[in-house]
Structure formats: C-alpha cells, structure tokens
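# Structural characterization, general
Chain residues, written in single-letter form:
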Amino acid sequence: MVALIPRRLFCTKISRNCHQHQLQWSVKQVTKSNFNDSLHDFHSHLSSSDFVAVSLQNTGSFSAPWHRLSSFDCPETTYLKARRAADRFQLLQFAVCPFTISGSKVTAHPYNFHLFPRDELNIGMPSYSFSCQTSYLTAMAQQGFDFNACIYDGISYLSRAQELVAKVRMGNPIAIHHVMKPSSTPPSVADTIFVERVKSRVKHWKKACADSSSRKTDEALVKSLRKLVLGGEQYGSRPCMTIDVCSERQVQLVLEMLGEFSDDLVALKIPTKGGGTQAVRVVLTSSKEDKSLFERQLQNVEEEQNKKIRGFREVIDLISASQKPVVSHNSLNDFSVIHSKFIGPLPLNMDEFLCSLRLVFPHVFDVNHLMKEIGPLENVTNIPAAISYLKNRFFAPIDMEISHGALLNEGKIHGQTVLRICHLFAKLCSVLRITPGAIQSSDDNITSLLDGYANSFKSCSGSSQESVDGGIRIWTKSPRKVGCKHLVFLWGFRDSLSAGMLKSLLQGSHDVFSEEFDVCLVDKSCAIVVFLQPNLSQAFLDIMSSEGISGSLRELVSEGLRAAGYETYKRACGLGYWEADLASSLDKASATPDCFSQSGSETNPSEVFWCNDLMINLGDL
C-alpha cells in the first residue's frame, strides 16, 4: 500500500487546465494511403522513446453475458475466454504511442492505425469472416468512426504464421543465399544418373549462351529452336534454365553440382503450393559485379514483397525488435488479440501463451496491475476513473507534450485512450516512487525498477487480483477466503428467480444450507452458490447425485434443478462449449466424460475471495 500525500489546492504543471485527462489530444490517423510515410516517422519516434503504449479497438469482446471475464474466473478460464474473443472478433483500430518520461513531463508520439483484414493477395487470408457486437459498433459510430474508410482504406496484414503459408501459396522464386554443404549420405545409382544428366544439361546450356552472345545475327527461328532444345529461358534480361526436381534430396544434389561450376550462377527454388520444391531455376550472370547486382535486386524485390504481405504487422515487428517495454490496459485481452492477429494461432493454455508472447514482447506492463499496488480499488473500473482517483488523492502533476499538436483540431477523437494510458502510467510511476529519470538512464534500470510489475497477465481481471498463494482476490469491502472447490454452479431453476429469491428457496431446503452461504447470478440461466464452510459444497453435490433427496430440495430437483462443481465449469470453457446460456454449456460439459485436464494444474488457483455484496446486475447484461 502507498501512503497518501496531502493534496495541494492548486493546479498541476499544465496550467491551461486542471483536468487534462478530459481533453481531446491530437492523434495521427493512419490508413493505407499514408501508411508508408507514417511508418518511417513511427520508426524514428520509436527509436527515441523509452516506452510504447498500445490500445486496441475490436468489433466486440463477448457473445454472451457469461463469456465476459468474471470475478470467479481463475487464470485458466480467464485466458480461455480471452482466447475465444481474440479469435472471434476483429481488430479495426490499433493505437500505438511511443513515449518518454522525464520528470513530470511525458513526450508522446501517438498514432492510430485503421485496419481491415482485406484479402489483397487472393489467398483467403488473413480472415474470411469475423463477428461483431452491436454495442461496440454503436459506440464507434457515435465517435464518428468511418466504416467505409475502414473497409476501403484500412491497412491489411498477415501474421507471422500466415506469412509463411502465403509465401508458399504464391509460389514466387526463393533465392538460395547459403552454400549447400556436401551431403554425408553416399549417392545412390539413381542420384548419380540424375546428377550427370543435369550437369550435362547445364554445360551445354552455358556453352550455348556463350555461343549465342557471339552470334547475335542469328534469325529468330534459329534462336527459338536452340532455346527449345536446350531448355533456355529468360529471367528478366538474363538467361536461365529450369531443372525439375522430385524431392528435397534432388534439390540438394542440384545445388551441390552447381557449386562445381563458376561463380556466375544464381540458384532460385520454385516452391509448390504444398510447401515443397518443384524446380530449381538457374540464372546466368555475366560477371561477379552483375551477380552482386542481381542478388541485390532479388533482395529488394523480396523486401518489397514482404512489406506488402506483412502490411500493418511491420509496426508490430518494429516494436518487438526495439525490445521497448509495452504499456497496456487489460493486457491479457490486448495481447491475446495481438498474438492471434500478428504472431500466430493462440496456444491452448495460458502458460504456453506466456512463453510464446515473451519471445516477442519480453516486458509488458498493465496499468490495471499498477493501480492495484495503490490499494483496494473496487470502484475504479476504467482509465478516466483511475486518473480521477489518483488526482483526488495524490499530487502527481504530469505535463503531456504531443508531437502531432497540442489539442484536437480536426474533430478526430480516435485513439485517445492510448494517450490516457501514457498519462496514467506516468502518474503511477510518480505515485509508486519509480523515478522517471532513473527509468530513462538505461534498459537495465528499466528492467530492475519495473520487473516486479511486468507480465502480470494472471491478474488481468478488472475486479480481481492474483493473491500471494495463487488464488484470485476480489476487491470488496470485506472479502472472505474460499476455495474454488467451495463454489457450486446451479441451473434449471425458474427464469424469474432473483439471487435473493433463490437463496431463500435454498435456505431450509436441506441441512447443508443451515450454515452461512451466498448466491450470485451468473446469467439468467445459472447461479453460483458459495459455501463459506469447508466440505459443504462436496456434501451438497453428493446429495444432488443421490437418490435420497427429500423435502423442498426434492421439489426443486423435480423441477429441473441441477448442480456441478468448479471443474465442470472449467471443462465447459476448455472444451469450447460457448453456448448462449451457461446452463446449456454446463449440461454439455456434464455429459462429457471427465477426460479434460488443464495442463499445469499444480499452479491453478485453488482459492478465491468472496463477499456477500458481490452480485451481478442483470440489467447490465
């Protein structure tokens, strides 16, 4: 916890307003038409900055109320929900802001990239279809978002995994830059015959090319016949020939054989759509200088093609290559999307996801996690609320300097959140006594000062925090510690029942409810019963599966009441039973053999903190 500093009764360093976080700042809007120019500027700003803030705008986040991240979710189910949302919904805006903190001054360079998964290469990627959530699209429309501009001028992209597939499908020649080492496997008779036949073809082809250069007066018909017989072709202005191969072994033999000739040959692999090699194309250059020129031309063509294939992913690759710390809000949601769209398919479990992500972004900071270092913040649920909370309790003046202009002047408000993240992060560094000057001094200082706050993905839920023992802490006025095994999911009750009414029905229905317990509605079809005494949850589940149910509980069961433990809920999420109602998903999971096992179960949280005022308002669903 951080001690409060008495708040002074005067404005922050920015004298022009005392409510800086409510202003509209200027953010550079980037579309396909100005992407290349903006990419150069972004690279320059990234190189001179210490941090990078990111903020994403998707077409949705959940398809049903219970798909949202909830206070009763453990890290595994939280990741599975984030994974589903990342795969299902589309990213339309990606705001990026390289920034530097110097004392109380933040120098920021915000960009808002407009994206659309257009199949520009006609290969069915990056996306055939995606889902939309009406409330998200409505909010974007109210902010003046131009959907036509997004569709027609949005920047497309491919992930790293999709790029590899795209290059194979396109079938463009691939330059072979390395020298093939002789194989240790002795050649077979077939190999020897193949090599001798190809070697003879290459010798006659080279000789014919040399002869034709000295007989430039030959008629067109003679040249065509010579080309047909010898298999000669043209690669641009240079002569070439194509050698068909049936296996990678033959590719190796061809490359080894070409090494016996002079250095004026350049080999290109012609890939098949299945990922193999269908031929080796040999290009004849006139000299060492011409060969160097041709190889540079190939490299330039390859770089231009890669830029076209990658699209917006060039920005992601630049951030990754810079190794700058990345600052986010709701980092699990954001980086699940980033991994899915720009790196590759999301792994099946959270541990594999974290390992994969850290190879690309080694330091990720979540302002939600930093806020929880301040204290229990049950009412702080978004960035403006967090900034207001800090402003009312701490004196931490922050001066924002925006490279694209001081204030908004074009009516564009897209991408503002990324600047608020920069602002909030700087305030938190000040409040938590992380000296901005020390952060700037070197990358080592960045790591040493902030490592304790980095990569906090398992405490990603807005209302929860990972406890010391691996459990989930729900920030409430009087949290009570219970195990996940003490939670029981109930469904099959009447639709009109509220949490209070259901609790009243359960009280007195059986002796198991004579001790203190609580009830919370997850959605209109399902509720959670929280037993605050040990062993009662398992006793209740045993009763529900027995034949000896009596009293009013028997009447509830006869009306369709069903119960399951937390493992059934985890199984429903893990097996992808994302039905509209949680009750339907639990029915499917209950009917599925108990073969679902989460990897890394030793680290799964076994405890949550519960409070009897933790209720879900159905009016918000």
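Here we summarise the structure given alongside this text. Keep in mind the model is a prediction, meaning the values are calculated, not measured. (Residues numbered from 1 in each chain as written. Predicted model: local features only at pLDDT ≥ 70, side-chain atom pairs only at ≥ 80, totals over all residues. Heavy atoms only, no water.)

## So, the overall build of the chain
In terms of helices and strands, the chain carries 22 helices and 21 strands. Taking all 621 residues of the chain together, the buried fraction comes to 49%. Counted over contacts in the chain with a minimum sequence separation of 6, partners at least 24 positions apart contribute 77%. (Helix = DSSP H or I, 4+ residues; strand = E, 2+ residues; numbered from the N terminus. Buried < 20%, exposed > 50% of the residue type's maximum accessible area, 1.4 Å probe, protein only. Contact = heavy atoms within 4.5 Å.)

## What to know about the nonpolar core
Within the largest apolar cluster, 41 residues are counted, with the highest numbers of intra-cluster contacts made by Phe99, Leu390, Leu419, Leu424 and Phe425. Of all the elements in the fold, those that place two or more residues in this core are strand 2 (51-58), strand 3 (91-102), strand 4 (105-108), helix 13 (367-372), helix 14 (383-393), strand 13 (399-402) and helix 15 (416-431). At ten residues, the largest contribution of residues to this core is made by helix 15. Apart from residues no more than four positions distant in its own chain, Leu424 is found in contact with Val367, Met371, Ile383, Ala386, Ile387 and Leu390. (Core = buried A, V, L, I, M, F, W, Y, C linked by side-chain atoms within 4.5 Å.)

## Points about the packing of aromatic side chains
Considering all chains together, one arrives at 30 aromatic pairs under this definition. Taking 5.5 Å as the distance between ring centres and 90 degrees as the angle between the ring planes, the aromatic pair formed by Phe42 and Tyr111 counts as edge-to-face. In this pair, Phe42 is assigned in helix 1 (residues 35-47) and Tyr111 in strand 5 (residues 111-114), connecting sequence segments 69 residues apart. Here Phe42 and Tyr111 have matching classes, each one buried. (Phe/Tyr/Trp six-rings, centres within 6.5 Å; stacked < 30°, edge-to-face > 60°.)

## Looking at the sheet that holds strand 19 (residues 526-531)
A sheet is described by the order of its strands in space; here four strands give the open sequence 18-19-17-20, paired in antiparallel fashion. One side of each edge strand has no neighbouring strand; the edge strands of this open sheet are strand 18 (517-523) and strand 20 (562-565). The sheet shows a mean angle of 25 degrees between the axes of neighbouring strands, taken without regard to direction. Sheet topology places strand 17 (residues 487-491) next to strand 19; five bridges connect them, and they run antiparallel. What sits directly across from Leu490, in strand 19, is Ala527. Of the strands in this sheet, strand 17, strand 19 and strand 20 are in contact with helix 19 (residues 536-544), which crosses strand 20 at around 140 degrees. (Pairing = 2+ DSSP bridges. Axes fitted to C-alpha atoms, helices over the stretch in contact; angles between N-to-C directions.)

## Brief notes about the pairing of strand 8 (residues 238-244)
By the criterion of burial, strand 8 is predominantly enclosed, with five of the seven residues buried. Looking at chain direction, strand 8 and strand 10 (residues 277-284) are connected through five bridges and run antiparallel. The residue bridging Met241 from the neighbouring strand is Val282, located in strand 10.

## Some words on the side chain of Lys341
For Lys341, the position within the fold is in helix 11 (residues 331-343). The charged side chain of Lys341 is buried without a salt bridge, its nearest counter-charge being Asp87 at 6.0 Å. A distance of 3.0 Å separates a polar side-chain atom of Lys341 from the backbone oxygen of Phe89. (Lys, Arg positive; Asp, Glu negative; His and termini not counted. Salt bridge = Lys/Arg side-chain N within 4 Å of Asp/Glu carboxyl O. Polar contact = N/O pair within 3.5 Å; in protein donor to acceptor, adjacent residues only side chain to side chain.)

## Concerning the state of the cysteines
Scanning the entire structure with this criterion turns up zero disulfides. The thiol of Cys150 is not disulfide-bonded; the next cysteine sulfur, from Cys132, is found 10.0 Å away. (Disulfide = S-S within 2.5 Å.)

## Concerning unusual backbone geometry
With the exception of glycine, the majority of residues adopt a negative phi angle, and the majority of peptide bonds are in the trans configuration. In this model, Gln323 sits at a positive phi of 60 degrees, which is unusual for a non-glycine residue. Following the sequence through the fold, Gln323 ends up in the loop between helix 10 (313-322) and strand 11 (326-328). We classify Gln323 as partly exposed; its relative accessible area is 42%. The residue Asn535 is not glycine, and still its phi comes out positive at about 75 degrees. As for its placement among the helices and strands, Asn535 is situated in the loop between strand 19 and helix 19.

## Some remarks on the packing of helix 5 (residues 160-170) against helix 9 (residues 288-310)
Look at helix 5 against helix 9: their axes get within 11 Å of each other, and the N-to-C directions meet at 120 degrees. Comparing their axes, helix 9 and helix 5 come out oblique. Judged by the sense of rotation from one axis to the other, the crossing of helix 5 with helix 9 is right-handed. Listed contacts from helix 9 to Glu163, Lys167 and Met170 of helix 5 are Gln305, Asn306, Ile309 and Arg310. Of the residues belonging to the contact of helix 5 with helix 9, the class tally is two nonpolar, two polar and three charged. (Parallel < 35°, antiparallel > 145°, perpendicular 65-115°, else oblique. Left-handed = near helix turned anticlockwise from the far one by under 90°. Nonpolar A, V, L, I, M, F, W, Y, C, P; charged D, E, K, R; others polar.)

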